[in-house]
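Commentary on secondary and tertiary structure
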Amino acid sequence: MKKIAVINGPNLNLLGQREIGIYGQVSLEDIRRGLEENFRGRCEILFSQSNGEGELVERIQQLLGRVDGIVINAGAYTHTSVAIRDALLAVDLPFVEVHLSNIFAREEFRHRSTLADRAKGVICGFGPAGYRMAVEGLLGMLAD
Ligand code: CA2
């Protein structure tokens, strides 16, 4: 069975608790449970969250040879982190960038991503459903 890592960046642990107008009422734990239920029997989901850039880099490095692909919501680091980009390129795993909000309908600084040009795809604006779409898209790309 395929293994997909779902990586979440800073502040996403607060989902469902604050800024409900932007990010909605669903918690990160709800998203994890939803993915596990949705993909049970089709792929293994390795779900994680970290607030630290270095920890995210470590996590990505640990995935080398252990998973078939990565879904990443790098949060605010999406817009700034060369280190996370370099880690993703170093492990050379197919990845999909996901965002809950439509980053292009928000402040200008959220319009750029250090990851998007090397991602297999980018999904934003669909809330928690975007995670399911991202895993579905990755699985569809991975050869059996
Ligand atoms: O829309 C997304 O998924 C983002 O990656 C979320 C990031 C933001 O910096 C990106 O531009 C877009 C922020 C995540 C913060 O999540 C919170 C959740 C609840 C309360 C406060 C922050």
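If you check an unreviewed UniProt entry, the chain appears there as 3-dehydroquinate dehydratase from Candidatus Glassbacteria bacterium RIFCSPLOWO2_12_FULL_58_11. Within the UniProt record for the chain, the comment given under Pathway (unreviewed entry) is "Metabolic intermediate biosynthesis; chorismate biosynthesis; chorismate from D-erythrose 4-phosphate and phosphoenolpyruvate: step 3/7."

Structural notes on the overall build of the chain
Counting its secondary structure elements, the chain contains 5 helices and 5 strands. Along the chain, helices and strands appear, N-terminal first, in the series β-α-α-β-α-β-α-β-β-α. A principal-axis box enclosing the C-alpha atoms of the chain has dimensions of 40 × 30 × 25 Å. Counting the 144 residues in the chain, one finds 42% classified as buried. A separation threshold of at least 6 residues defines the contact pool for the chain, and within that pool the share at least 24 residues apart is 77%. Taking the average location of the 16 positive side-chain charges in the chain and that of its 18 negative ones, the two points are 2 Å from each other.

Some details on the site of the ligand
Residues in contact with the ligand amount to 17 residues; listed here are only the nearest, Asn73, His79, Leu100, Ser101 and Arg110. Leucine 100 is positioned such that a nitrogen or oxygen atom in its backbone is 2.7 Å from an oxygen atom of the ligand. Here the ligand, which alone exposes 500 Å², has 94% of that area covered by the protein. When atom positions are compared with the pocket grids, the ligand is found to occupy the largest pocket. Here the shell around the ligand is composed, by residue class, of 8 nonpolar, 6 polar and 3 charged.

Let's talk about unusual backbone geometry
Phi at asparagine 11 is positive, roughly 75°, even though this residue is not glycine. Within the secondary structure, asparagine 11 is located in the loop between β1 (2-8) and α1 (20-23). When its relative accessible area of 51% is taken as the criterion, asparagine 11 is described as exposed. Non-glycine residue aspartate 92 carries a positive phi angle of around 55°. Mapped onto the elements of the fold, aspartate 92 is located in the loop between α4 (82-91) and β4 (95-99). Among the residues examined, aspartate 92 registers a relative accessible area of 65% and is labelled exposed.

Topic: the UniProt feature "binding site: substrate" (unreviewed entry) in the chain
UniProt's entry tags Asn73, His79, Asp86, Leu100, Ser101 and Arg110 with the feature "binding site: substrate" (unreviewed entry), counted in the numbering of this structure. The greatest C-alpha distance among the annotated residues, which extend across 38 residues, is 24.3 Å, indicating that they are dispersed rather than converging on a single site. Lining of the largest pocket among the annotated residues: Asn73, His79, Leu100, Ser101 and Arg110. If you trace the backbone, aspartate 86 turns up in helix α4. One can find serine 101 in the loop between β4 and β5 (121-124). Residue classification places serine 101 among the buried positions, given a relative accessible area of 10%. For serine 101, the contacting residues outside a window of four places in its chain are Ile22, Tyr23, Arg106, Cys124 and Gly125.

What to know about the pairing of β4
Most of β4 sits inside the fold, with 5 of its 5 residues counted as buried. Along β4, one buried face is formed by Phe95, Glu97 and His99 and the opposite face, lined by Val96 and Val98, is buried too. Two elements, strand β3 (residues 69-73) and β4, share 3 bridges in a ladder whose sense is parallel. Note that in β4 the partner of valine 71 across the bridge is valine 96. Note on the crossover from β3 through α4 to β4: the handedness is right-handed.

Definitions and cut-offs
- Residues numbered from 1 in each chain as written.
- Predicted model: local features only at pLDDT ≥ 70, side-chain atom pairs only at ≥ 80, totals over all residues.
- Heavy atoms only, no water.
- UniProt positions renumbered as here; feature names shortened; annotations may be inferred.
- Helix = DSSP H or I, 4+ residues; strand = E, 2+ residues; numbered from the N terminus.
- Buried < 20%, exposed > 50% of the residue type's maximum accessible area, 1.4 Å probe, protein only.
- Contact = heavy atoms within 4.5 Å.
- Lys, Arg positive; Asp, Glu negative; His and termini not counted.
- Charge placed at Lys NZ, Arg CZ, Asp CG, Glu CD.
- Near = heavy atom within 4 Å.
- Polar contact = N/O pair within 3.5 Å; in protein donor to acceptor, adjacent residues only side chain to side chain.
- Areas by Shrake-Rupley, 256 points an atom, 1.4 Å probe, with all protein chains shown as cover.
- 1 Å grid on protein atoms, 1.4 Å probe; cavity = no way out; pocket = protein on both sides within 12 Å on 5 of 7 lines; lining within 4 Å.
- Sits in = over half its atoms within 2 Å of the grid points.
- Nonpolar A, V, L, I, M, F, W, Y, C, P; charged D, E, K, R; others polar.
- Pairing = 2+ DSSP bridges.
- Right-handed = clockwise from strand over helix to strand, strands pointing away.

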